[in-house]
Amino acid sequence: MTAERMRRDDDESVGCPIGLRVLGPVTFERRGIRSPMGGPKAQQVLAVLAANRGRSVSADLLIDAVWGDEAPRSATATLQSHVSRLRAVLGPEIAIGRQGGGYMIDVPDSGIDAARFETLLQRSRQVAAADAAPLLAEALGLWRGSAFADHADLYPVRPEAVRLDELRLVATEQWASASLECGDAASVVSELESLVERHPFRERFWVLLMLGLHRTGRQAEALRRANELRRRLREEVGLDVSAQVRELEQHILADDPSLGSPARVSPPGTAVAARLLGSTSFVGRDPEVVELVEALGNHAVVTVTGPGGVGKTRLALRSAAKVADESGIDVTLVELATLRDPAGVARVVAHALDIQQRQYRTLDETIVEYLAPRRGLLVLDNCEHLTDTVAPFVDRLRSCCPELRILATSRQPLGLAGEFVSVLMPLALPSFDAATCKDVQASPAAQLFVARAQTAVPQFALSDENARSVAEICRRLEGLPLGVELAAARLRAMGVDALAERLAQRVQSLGQLQRSSDGRHRTLVDLVRWSYDLLDPTAQQVFAQLAVFAGGFDLDAVSAVCDVEGDGVSADTVDILADLVEQSMVILVERRVPRYRLLEPLREFALDRLTDDGRLLAAEARHLDFFLGLAERGAVGLDTPDEAIWSARLDRNFENFRAAVLGAARAGDADRALRVVAALRELGFRRVQYEVMAWADAAVAIPGADAHPAYATVLGVCGYGHWVRGDLEDAIRLARAALDAGPGDESVSGLPERVLANAHFYLGDPDEALRWMDQLLRAARRARDAARLAHALYMRSVAQTSIGDTVRGAVLAGEARAAAASVGSGTALAQAGYALGLALEGTDQDEALGHLETAARFAAEAGNRWIEAFALTEVHSLRARRGEHVAGLAGFGEVVRTWYRGGDWANQWLSLRHVFGVLVDLGAFEVAAVLYGALTAAGAAHALPFEPADAQRLDAIVVDLRSLLGNAYFVAAVRRGASMTDSEIVEYLIDQIDELAGPGGH
């Protein structure tokens, strides 16, 4: 390799698309899209060559590594065939040549993720911590699993795989250290918590975790972690901790200022807005950003208007990011473009806010109640087709939420009194006499064209020779940013002069257009049509059918949903999408698992084509079929060791599921609507996405639904929805109706029994609750369903512990662990661990805490927010009982917020009852009395699964509290709490927790 080539590789190794990926499964990607490489043997050949990059690998070694003692006689010929196949896939960027009787892969540093990783790691060591942290984060972001994944055990691969895995750990240590040095302790601690569990004998992770805990004000927990490391080392390997750990302990005990103090945490809105902005440059809108930021400081409602493609969304997000950065408020983006039913506005807003409908509230009321006390910025994007619904909704929010700001984008104003309207004009154009590079580059429209042209053709540069053509292109497109970007993408196929000429012909064929909003829109539509016309017929049909997706989509979805003249196009989907991305007709929003979306003006055009061709209904039907199949596969996958993967994949497609099930309900398709809901019920429960319960209500109301086999299960979902909102009477009624609708005395799903058991426990009737749990357990055993059995045993164990029989509770928890082990899902393991920890709390608090913390970790890794919050409730309660009152109370803050966002009042009251005891222990007597009043008014002071000893302890605490406050003050505080609404008591407690557990509190 020449010195010039090496220098070029080094320059290009950062920021270029990755080709060969070995930091995880061995794959090859071109423009972010995975290329098929053949069967596993071909992949093994590639793995061996990649692991020995730059060295010749003999044919004999390759054959031995791939086939071992089972090599066929045709192994040499087969190897040659695999190599030939790989050359075709990898070329021309990567070559496999013959050298000395063997094969050698020639891949530049810019073409393999391992080299990119090592370059970033090396650069991070040459800069300050503030610059090192993002470099290391980028480096670690390249990893998708262990190096070479399934091929790491091949003996010619193993040394390189081990070396890279070790470098990954080193990079992780350096990233955590740099992030702590930059004051980012809060976000680093959660990652380190996981790392010490995965690498329990890597002491550096423990040291960094202790330091991070100290800097977030959790000194007691930092010391507990040191003791945990000491115990593990002694019991498992017979060693003691290093001098570094002992020294750090002493510094923490002394509260040594040299360790650093808690740093300011970045506002949540900043991170959200930055993530939404994307990585492309933002050109020519600085004055508009200043105007919008100032307007948001003075007006409750600001609307950005303008034609499609003028850049309203990007301007809104850039302005939102600046507001978040300057004021620290939360930013929530609500994307309304793909919503067709105006009645769904509240659902989309609630999903974006991550809240669910609350007890005795409509969804609109829930949103208002949630936002009323908060400072925040709500960005409502693409409102024009929903103005009649959005305008009154925004008006209500403005009236009831004094600290809320609303930034809308729409092609027309919302029409509200006091609304600040910013009309966004196209980018400023080069003057008509602009002829030189200097003249043209002063124009924002030309600046954007050049930036996007260099993305399409890296060697492109503005010059005096092409300045006139660039100016002409910008003028023909009237400065519309989306038009400029689409045109720039065409430079891959033609020169800038030819592009200018083609655009002139297109516009002249339509006649002279006036410079009006309508004219600009027609100009954009014509450019989109031109870009569309340049696609081949297959790509045109695929592009049109992409309009049926709500939000993003991946390759599998496109392959299944997009159909060309009745013939599936799955074999060509990768190439078609790659072409659409190259032409800027589709944008790639995620590279690791390639995911795509359409910008709204392009989606509108695609939808028009699909409708005009008469293919909309057929595409929607395929969309529904695909997401029904995905939901049903996901329902199975959630009860496997791959739960986390399935949970994330299902959650990514939540908008598509919403469109599918509500579309089926509108069409009266009871079969598919019921099946989607039945399949997604566990996703809704586990991720606290209770909107699925609203889908259940819509599905069971479809005429003929009651004759469907899934009707009883979905009716059980409806009952569960009422249970979590605290509507116990309707929960019991619906659960019994679900049992009556089933095939026998026991349900197929176990849901009705689950609802009835929970509801009766809440009502203080443990005998009836246990009867239903026993039926749930019997049915699970008869069904021979390990996942159902694990869940039933978990519930039965918790119930047994709650009535005071902790020995039997522990036995049942052990059975639950055995069942969970056969299932392998994080949820099953977390539930079993939670049950065992609960049963052991009274006899061995150390062991109980270990099981509960492990349960919370399993749940978090699986994406199960519900059981994670359950486990953390006990973790924080137990820590408080062990004397860590401030840490326990601080931890309860997030648990309370989880239930509050989810509208899960049944579990909220259980958590708040634990908070009550911690408040008393901390001496916050008045706050505790107010909470006790709310608990009593809600009937939650002694109901729910609650161990008798804890009930007695609560009674004793109340007696002491009355004495400490005095009867008159106690009664007044209790009355105050009893008079509060559910939301008021939670908001009050969150404020009190933040104050008491913060730096200036106890």
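Being a predicted model, the structure only gives us computed values, none of them experimental.

*Asks:* A description of the overall build of the protein chain should follow, citing residues and the corresponding values.
*Replies:* Helix and strand content of the protein chain: 47 helices and 16 strands. Taking the contacts inside the protein chain whose residues are at least 6 apart along the sequence as the reference set, 70% of them involve residues at least 24 apart. In the structure as shown, the protein chain presents an accessible area of about 40,700 Å², 50% of it carried by carbon and sulfur atoms.

*Asks:* Requested: an account of the sheet that holds strand β9 (residues 376–381), with residues and values cited.
*Replies:* Across the sheet, 5 strands lie side by side as β8-β9-β10-β7-β11; this open sheet has parallel pairing. On the outer flanks of this sheet lie β8 (330–335) and β11 (420–423), each paired with one strand and no other. Averaged over neighbouring strand pairs, the angle between their axes works out to 15° when direction is ignored. Here strand β7 (residues 301–305) runs beside β11; their pairing, made up of 4 bridges, is parallel. Following the sheet pairing, Val-302 is matched in β11 by Phe-420.

*Asks:* Describe helix α4 (residues 75–90), and please don't skip the residues or the numbers.
*Replies:* Helix length check: α4, at 16 residues, gives a terminal C-alpha distance of 22 Å against a target of 22 Å (1.5 Å per residue), a fit within 8%. Within the span of α4, buried status applies to Ala-75, Leu-79, His-82, Val-83, Leu-86, Val-89 and Leu-90. Taken down its axis, α4 places every buried residue within 120° of arc, on the same side.

*Asks:* Explain the packing of helix α19 (residues 444–456) against helix α21 (residues 481–489) residue by residue, including any values.
*Replies:* Where α19 contacts α21, the two axes come as close as 8 Å, and the packing angle between them is 35°. The interaxial crossing formed by α19 with α21 has right-handed handedness. For the pair formed by α19 and α21, the contact residues are Ala-445, Leu-448, Phe-449, Arg-452, Ala-453 and Ala-456 on the first element and Pro-481, Val-484, Glu-485, Ala-487, Ala-488 and Ala-489 on the second. Residue composition of the contact of α19 with α21, grouped by class: 10 nonpolar, no polar and 2 charged.

*Asks:* Explain the pattern of salt bridges to me, and be specific about the residues and the numbers.
*Replies:* Tallied over the full model, the rule gives 46 salt bridges. Here Asp-109 and Arg-53 are joined by a salt bridge, their closest N and O atoms 3.1 Å apart. Taken together, the positions of Asp-109 in the loop between β6 (102–106) and α5 (113–124) and Arg-53 in the loop between α2 (40–51) and β4 (57–58) put the pair 56 residues apart, joining distant regions of the chain. Judged by relative accessible area, Asp-109 falls into the partly exposed class, the value being 27%.

*Asks:* Tell me about α5, residues and numbers included.
*Replies:* With 12 residues, α5 ought to run about 16 Å at 1.5 Å a step, and its terminal C-alpha atoms sit 16 Å apart, in line with that. Of all the 12 residues making up α5, 9 are buried; the element is thus mostly covered by neighbouring parts of the structure. Taken together, the buried positions of α5 are occupied by Asp-113, Ala-114, Ala-115, Arg-116, Phe-117, Thr-119, Leu-120, Leu-121 and Ser-124.

*Asks:* Residues and numbers for the nonpolar core, please.
*Replies:* Core analysis: the biggest nonpolar cluster contains 238 residues, and Leu-380, Phe-449 and Phe-916 have the highest contact counts within it. Residue contributions to this core peak at 11 residues, all from helix α43 (residues 905–922). Counting residues in hydrophobic clusters, the runner-up holds 83 residues, among them Ala-65, Ala-152, Leu-167 and Val-245.

*Asks:* Tell me what's going on with the environment of Val-974, and back it up with residues and numbers.
*Replies:* Its location among the elements puts Val-974 in helix α46 (residues 967–979). Judged by its relative accessible area of 17%, Val-974 is buried. In sequence terms Val-974 and Gly-933 are 41 residues apart; their C-alpha atoms lie 4.0 Å from each other. When neighbours within four sequence positions are excluded, Val-974 is seen to be in contact with Ala-929, Tyr-932 and Gly-933.

*Asks:* Describe the packing of aromatic side chains, and please don't skip the residues or the numbers.
*Replies:* Inspection of every chain in the model, using the stated rule, returns 19 aromatic pairs. The interplanar angle of 45° and the centroid separation of 6.0 Å between the aromatic rings of Tyr-370 and Tyr-900 together place this pair among those described as tilted. Placement of the pair is Tyr-370 in helix α16 (residues 363–371) and Tyr-900 in helix α42 (residues 885–902), with a sequence separation of 530 residues. For the pair formed by Tyr-370 and Tyr-900, the shared burial category is buried. Consider the rings of Phe-449 and Phe-460, whose centres lie 6.1 Å apart with planes at 85°: the pair is edge-to-face. Of this pair, Phe-449 sits in helix α19 while Phe-460 sits in the loop between α19 and α20 (467–476), placing them 11 residues apart in sequence. Taken together through their ring pairs, the aromatic side chains of Phe-549, Phe-553, Tyr-596, Phe-626, Phe-627 and Phe-657 make up a single cluster.

*Asks:* Pulling in residues and values, what's your account of a nonpolar patch on the surface?
*Replies:* On the surface, Phe-201, Val-237 and Leu-239 cluster together into a nonpolar patch covering about 280 Å² of accessible area. Along the chain, the position of Leu-239 falls in the loop between α10 (219–237) and α11 (243–253). Since its relative accessible area comes to 51%, Leu-239 is described here as exposed.

*Asks:* Would you mind going over the side chain of Ser-647 in detail, with residue names and values included?
*Replies:* As for its placement among the helices and strands, Ser-647 is situated in helix α29 (residues 643–652). Once residues lying within four places of it in the same chain are set aside, the contact partners of Ser-647 are Leu-638, Leu-683, Arg-687, Ala-862 and Gly-863.

*Asks:* How would you explain the state of the cysteines if you had to name every residue and give the values?
*Replies:* Disulfides are covalent bonds that link the sulfur atoms of two cysteine residues. All told, the structure shown has 0 disulfides when counted by the stated rule. Looking at the unpaired Cys-401, the closest cysteine sulfur is the one in Cys-400, lying at 5.9 Å. Using a relative accessible area of 1% as the deciding quantity, one classes Cys-401 as buried.

*Asks:* For the confidence of the model for the protein chain, give the residues involved together with the corresponding values.
*Replies:* When pLDDT is averaged along the protein chain, the result is 82; 89% of the residues meet or exceed 70. Overall, residues 1–17 carries pLDDT values under 50, and its contacts beyond four positions in sequence, including any with other chains, amount to 24 contacts. Under a pLDDT of 50 for its full length, residues 508–519 has, in the predicted model, 13 contacts with residues more than four places off or in other chains.

*Asks:* So what about a negative patch on the surface? Which residues, and what values?
*Replies:* The grouping of Asp-60, Asp-64, Asp-69 and Glu-70 at the surface amounts to a negative patch. Residue placement: Glu-70 occurs in the loop between α3 (59–67) and α4. According to the relative accessible area criterion, Glu-70 is exposed, its value standing at 70%.

*Asks:* Residues and numbers for unusual backbone geometry, please.
*Replies:* Backbone geometry at Phe-148 places phi at a positive 65°, although glycine is not the residue there. Its location among the elements puts Phe-148 in the loop between α6 (129–140) and α7 (158–181). Look at Phe-148 and you get buried, because its relative accessible area is 1%.

*Asks:* If you had to explain the packing of α16 against helix α17 (residues 387–400) to someone new, which residues and values would you point to?
*Replies:* At a closest axis distance of 9 Å, the pairing of α16 and α17 adopts a crossing angle of 35°. Between α16 and α17 lies a crossing of right-handed hand. Of the residues in α17, those in contact with Asp-364, Glu-365, Ile-367, Val-368 and Leu-371 of α16 are Phe-393, Arg-396, Leu-397 and Cys-400. A class-by-class count of the residues in the contact of α16 with α17 yields 6 nonpolar, no polar and 3 charged.

*Asks:* Account for the sheet that holds strand β12 (residues 553–554), with residues named and values stated.
*Replies:* The strand order across the open sheet formed by 3 strands is β12-β16-β15, and the pairing between neighbours is antiparallel. Edge positions in the sheet fall to β12 and β15 (587–590), since each has one partner strand and no second. Pairing of β15 with strand β16 (residues 595–597), which is carried by 3 bridges, proceeds in the antiparallel orientation. Note on β16: the bridge partner recorded for Ile-587 is Arg-597.

*Asks:* Give me the lowdown on the environment of Leu-499, citing residues and values where you can.
*Replies:* The topology assignment puts Leu-499 in helix α22 (residues 496–510). Considered as a pair, Leu-499 and Val-470 are 29 residues apart in the sequence and their alpha carbons are 9.1 Å apart. Apart from residues lying up to four places away in sequence, Leu-499 is in contact with Phe-449, Ile-473, Ala-487, Arg-490, Leu-491, Met-494 and Trp-530.

Rules behind the numbers
- Residues numbered from 1 in each chain as written.
- Predicted model: local features only at pLDDT ≥ 70, side-chain atom pairs only at ≥ 80, totals over all residues.
- Heavy atoms only, no water.
- Helix = DSSP H or I, 4+ residues; strand = E, 2+ residues; numbered from the N terminus.
- Contact = heavy atoms within 4.5 Å.
- Areas by Shrake-Rupley, 256 points an atom, 1.4 Å probe, with all protein chains shown as cover.
- Pairing = 2+ DSSP bridges.
- Axes fitted to C-alpha atoms, helices over the stretch in contact; angles between N-to-C directions.
- Expected span 1.5 Å × (residues − 1).
- Buried < 20%, exposed > 50% of the residue type's maximum accessible area, 1.4 Å probe, protein only.
- Arc of directions from axis to C-beta.
- Left-handed = near helix turned anticlockwise from the far one by under 90°.
- Nonpolar A, V, L, I, M, F, W, Y, C, P; charged D, E, K, R; others polar.
- Salt bridge = Lys/Arg side-chain N within 4 Å of Asp/Glu carboxyl O.
- Core = buried A, V, L, I, M, F, W, Y, C linked by side-chain atoms within 4.5 Å.
- Phe/Tyr/Trp six-rings, centres within 6.5 Å; stacked < 30°, edge-to-face > 60°.
- Patch = residues over 30% accessible without salt bridge, like charges linked within 9 Å, V, L, I, M, F, W, Y side chains within 5 Å.
- Disulfide = S-S within 2.5 Å.
- pLDDT = per-residue confidence, 0-100.
- Lys, Arg positive; Asp, Glu negative; His and termini not counted.
- Charge placed at Lys NZ, Arg CZ, Asp CG, Glu CD.

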